[in-house]
Amino acid sequence: MAVRHVEPYSQEWVRQPFSYVSQVVGLLGDEVGDWWDGPCDPRDATLRLRDGSALVWDEESGWRLGAFVSGGHGQHTELAGVRYLGHGLLPRPERVPGALADARAGVGSSSAWRPCYRSHRNCRDGFDVALNYYCAVLNA
């Protein structure tokens, strides 16, 4: 199979995280009350959880959990009391529910310290190839 690169800032590129995040939403099930894609720079997505917290993913530091302060469709979300889930920038979707439980308990690889796995400015660093894997899985 040939490696397919998506043109940065194209509509396809902007929507690329949707497949990955929607798989996580499916695994979290009824725990998610609402979710949306955020804007670019960095690309992100917010999952409003039914307990009043929110889970946010972005392309620089992965998943983080916190109390929802503000945000909405097309906006970056502000959280209070943030804990980063760990397990890298793009953990397998089936690992996120367990990582979420660890972050809530303050154990495991969760941390209050923000990791920075990459910069959103590095548009051709191979990250989009990893995101494409989740697009292919969802469309299979």
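Our structure is the block above this text.
Conventions adopted
Residues numbered from 1 in each chain as written. Predicted model: local features only at pLDDT ≥ 70, side-chain atom pairs only at ≥ 80, totals over all residues. Heavy atoms only, no water. Helix = DSSP H or I, 4+ residues; strand = E, 2+ residues; numbered from the N terminus. Buried < 20%, exposed > 50% of the residue type's maximum accessible area, 1.4 Å probe, protein only. Pairing = 2+ DSSP bridges. Axes fitted to C-alpha atoms, helices over the stretch in contact; angles between N-to-C directions. Core = buried A, V, L, I, M, F, W, Y, C linked by side-chain atoms within 4.5 Å. Expected span 1.5 Å × (residues − 1). Parallel < 35°, antiparallel > 145°, perpendicular 65-115°, else oblique. Contact = heavy atoms within 4.5 Å.

## Description of unusual backbone geometry
For residues besides glycine, phi is generally negative; the peptide bonds are generally trans as well. Of note, the bond from Asp41 into Pro42 is cis; its omega dihedral lies within 30 degrees of zero at 0°. Within the secondary structure, Pro42 is located in the loop between strand 1 (32-37) and strand 2 (44-49). At Tyr9, a residue that is not glycine, the phi angle is positive and equals roughly 70°. Relative to the assigned elements, Tyr9 resides in the segment before helix 1 (11-15). Look at Tyr9 and you get partly exposed, because its relative accessible area is 44%. Despite not being glycine, His87 shows a phi value in the positive range, around 70°. For His87, the position within the fold is in the loop between strand 5 (78-84) and helix 3 (96-105).

## Quick look at the sheet that holds strand 1
Strand order in the open sheet formed by five strands is 1-2-3-4-5, and the pairing between neighbours is antiparallel. Pairing within the sheet leaves two strands with one partner each, and these edge strands are strand 1 and strand 5. Direction aside, the axes of adjacent strands within the sheet are offset by 25° on average. Across five bridges, the pairing between strand 4 (residues 62-70) and strand 5 is antiparallel.

## Examining the nonpolar core
Membership of the largest hydrophobic core comes to 23 residues, with the highest contact counts inside it found for Tyr20, Val21, Leu47, Leu55, Trp63 and Leu85. When contributions to this core are tallied by element, the ones reaching two or more residues are helix 2 (17-28), strand 2, strand 3 (53-58), strand 4, helix 3 and helix 4 (127-139). At five residues, the largest contribution of residues to this core is made by helix 2. Among the nonpolar cores identified, the runner-up in size contains five residues, and Ala54, Val56, Phe68 and Leu79 belong to it.

## Here we look at helix 2
Each turn of an α-helix holds 3.6 residues, which means side chains three or four residues apart point in the same direction. In this model helix 2 runs 17 Å from its N-terminal to its C-terminal C-alpha over twelve residues, within 8% of the 16 Å that 1.5 Å per residue would give. Counting buried positions over the twelve residues of helix 2 gives nine, a clear majority of the element. Taken as a whole, helix 2 has its buried residues at Pro17, Ser19, Tyr20, Val21, Ser22, Gln23, Val24, Val25 and Leu28. Gly29, located one to two residues past helix 2, shows a positive phi value of around 60°.

## Thoughts on the packing of helix 2 against helix 3
Taken N-terminus to C-terminus, the directions of helix 2 and helix 3 make an angle of 70°; their axes are 9 Å apart at the nearest point. With respect to helix 3, the axis of helix 2 lies roughly perpendicular. On the side of helix 2, the interface is formed by Tyr20, Val24, Leu27 and Leu28, while helix 3 contributes Val96, Pro97 and Leu100.

Spatial relationships are all this shows, so hold off on functional conclusions.
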